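Now for the letters of each chain:
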Amino acid sequence: MRVKICGITQPQQSIAIASLGATALGFICVPTSPRYVTISQIRAAVAELPANIDTIGVFANASIPEISQIVVDSGLTGVQLHGDELPDFCDQLRQALPNVEIIKALRVRSLEHLDTVATYTNYVDTLLLDAYHPEQLGGTGKTLDWTMLEQFNPNCPWFLAGGLTADNIVEALSQVNPSGVDLSSGVERAPGDKDLDKVAKLFGKLGSRE
Ligand SMILES: O=C(O)c1ccccc1NCC(=O)[C@H](O)[C@H](O)COP(=O)(O)O
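All of these numbers come straight from a predicted model, not from anything done at the bench.

Some thoughts on the packing of aromatic side chains
Taken as a whole, this structure holds one aromatic pair when the rule is applied. The interplanar angle of 90 degrees and the centroid separation of 4.8 Å between the aromatic rings of F152 and W158 together place this pair among those described as edge-to-face. The exposure class of F152 is buried, given its relative accessible area of 13%. Looking at W158, the relative accessible area reads 3%, which means it is buried. Geometry around Y132 places R109 over its ring, the cationic atom sitting 4.1 Å from the centre.

Regarding the UniProt feature "domain: N-(5'phosphoribosyl) anthranilate isomerase (PRAI)" (unreviewed entry) in the protein
As annotated by UniProt and renumbered to match this structure, "domain: N-(5'phosphoribosyl) anthranilate isomerase (PRAI)" (unreviewed entry) occupies residues 3–203. For residues 3–203, the helix share is 27%, the strand share is 22%, and the end-to-end C-alpha distance is 9 Å.

Considering the nonpolar core
Core analysis: the largest hydrophobic core is formed by 60 residues, its most contacted members being I5, I67 and L149. If near-sequence neighbours (up to four positions away) are discounted, L149 is found in contact with L114, L129, L144, W158, L160 and V176.

Overview of unusual backbone geometry
The backbone of N61 sits at a positive phi, close to 55 degrees, despite the residue not being glycine. In this fold, N61 is placed in the loop between β3 (54–59) and α3 (64–74).

As for the pairing of strand β6 (residues 126–131)
Burial analysis of β6 places six of its six residues in the buried class, which makes it a mostly covered element. Neither face of β6 is exposed, since T126, L128 and D130 on one face and L127, L129 and A131 on the opposite face are all buried. Note: β6 against strand β7 (residues 158–160), three bridges, orientation parallel. Bridging from a neighbouring strand, L128 pairs with F159 of β7.

So, the site of the ligand
Around the ligand, the surrounding shell holds 21 residues, and the nearest of these are S33, D130, G163, D182 and S185. Note that an oxygen atom of the ligand is positioned 3.0 Å from one of the backbone N or O atoms of S184. Of all the cavities here, the one that holds the ligand is the largest pocket. Residue assignment for the shell around the ligand shows that the elements contributing at least two residues are β1 (2–6) and β8 (180–183). By residue class, the composition of the shell around the ligand is six nonpolar, 11 polar and four charged.

Some points on the layout of surface pockets
Each pocket or cavity is described by its volume, and for the largest pocket that value is around 410 Å³. Lining the largest pocket we find 28 residues, and of these R35, L137, G138, G139 and T140 sit closest to its centre. For the lining of the largest pocket, the elements supplying multiple residues, two or more each, are β1 and β8. When its residues are assigned to classes, the lining of the largest pocket shows nine nonpolar, 14 polar and five charged. Along the walls of the second largest pocket sit 13 residues, with G83, D84, L106, R107 and H113 positioned nearest its centre.

Rules used in this analysis
Every residue gets a number counted from 1 within its own chain, in the order that chain's sequence is written. pLDDT decides what is reported in this predicted model: residues at 70 or higher carry local features, side-chain atom pairs at 80 or more are listed and counted, and totals for whole chains, interfaces and linings draw on all residues regardless. The side-chain numbers reported here are obtained from all heavy atoms of the structure, hydrogens and water having been left aside. Stacked, tilted and edge-to-face are the three classes applied to pairs of Phe, Tyr and Trp rings, where Trp contributes its six-membered ring and a pair requires centres within 6.5 Å; stacked means planes under 30 degrees apart, edge-to-face means over 60, and tilted covers the rest. Exposed residues in this analysis have more than 50% of their type's maximum accessible area, buried residues have under 20%, and partly exposed residues fall in between, with area computed by a 1.4 Å probe over protein chains only. Only when the NZ of Lys or the CZ of Arg is both within 6 Å of the ring centre and within 35 degrees of the ring normal is a charge said to sit over the ring. UniProt positions are given in the numbering used here, feature names are shortened, and annotations may be inferred rather than shown by experiment. Only DSSP runs of H or I covering at least 4 residues are called helices, and only runs of E covering at least 2 are called strands; the numbering of each starts at the N terminus. We call a set of buried residues a nonpolar core when its members are Ala, Val, Leu, Ile, Met, Phe, Trp, Tyr or Cys and they connect through side-chain atoms within 4.5 Å of each other. We call two residues contacting when some pair of their heavy atoms lies within 4.5 Å. Strand pairing is assigned whenever DSSP identifies at least 2 bridges connecting the two strands. To be near a molecule or strand, a residue needs just one of its heavy atoms within 4 Å of it. Definition of a polar contact: a pair of N or O atoms within 3.5 Å, with one able to donate and the other able to accept a hydrogen when the atoms are protein atoms, and with sequence-neighbouring residues admitted only if both atoms are side-chain atoms. Here a cavity denotes a set of grid points, spaced 1 Å apart and computed over the protein atoms alone, in which a 1.4 Å probe fits but from which it cannot get out, and a pocket denotes an open set meeting protein on both sides within 12 Å along at least five of seven lines; residues with an atom within 4 Å of a point are reported as lining. Put plainly, a molecule is in a cavity or pocket when over half of its atoms are within 2 Å of the grid points there. Residues were grouped as follows: Ala, Val, Leu, Ile, Met, Phe, Trp, Tyr, Cys and Pro as nonpolar; Asp, Glu, Lys and Arg as charged; and all remaining residues, including Gly, as polar. Grid points are joined across faces, edges and corners, and a volume is the space filled by probe spheres set on the points.

So, in structure tokens, the structure goes:
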């Protein structure tokens, strides 16, 4: 299973988190976020990582030239769209960045909202389902109603996100069957400062399921 730890700001923490077992690291390119990182911070982190670690830039309502510039300058392997981007935007981004993984995040408000998923699956590589919060785009620590995802089986791989921690990951995965999980605030001391003990505990819990 893919495990993405998002909101990395410190190069040393990215290496440590990758060695603990993360398969993907997320870097927040949304300037209003407390976890925002510049191109040079991302480059410093990416340069230290083994090539098999996916490095994902998280954007919200940015333009295609802006996203492309950051991806090329920082060496990211993927883009996560966490704003109100429509399927057509995802399609255009894929044409601009054909070798980059495109992940569309959907902040799920209700079961009906899951119907929009089908409109994206032809234009993205991966989906990410996150909790809805009226004021924050992501990193909220809020969980989704997992029961509503029990039958969720889209035509592409997907990450479960939203309020996951070492303490609730096993319960979440007993109800839901995603291709990967994504965590941020549940493995932090403070926004952008990851708690390596919590990350280690998470991988312990994931390992105990195997
Ligand atoms: O984390 C942020 O600050 C953020 C800001 C703006 C857009 C997206 C953001 N995070 C996206 C993520 O992928 C988080 O990992 C995801 O929302 C889950 O967060 P959490 O509930 O804290 O585990």
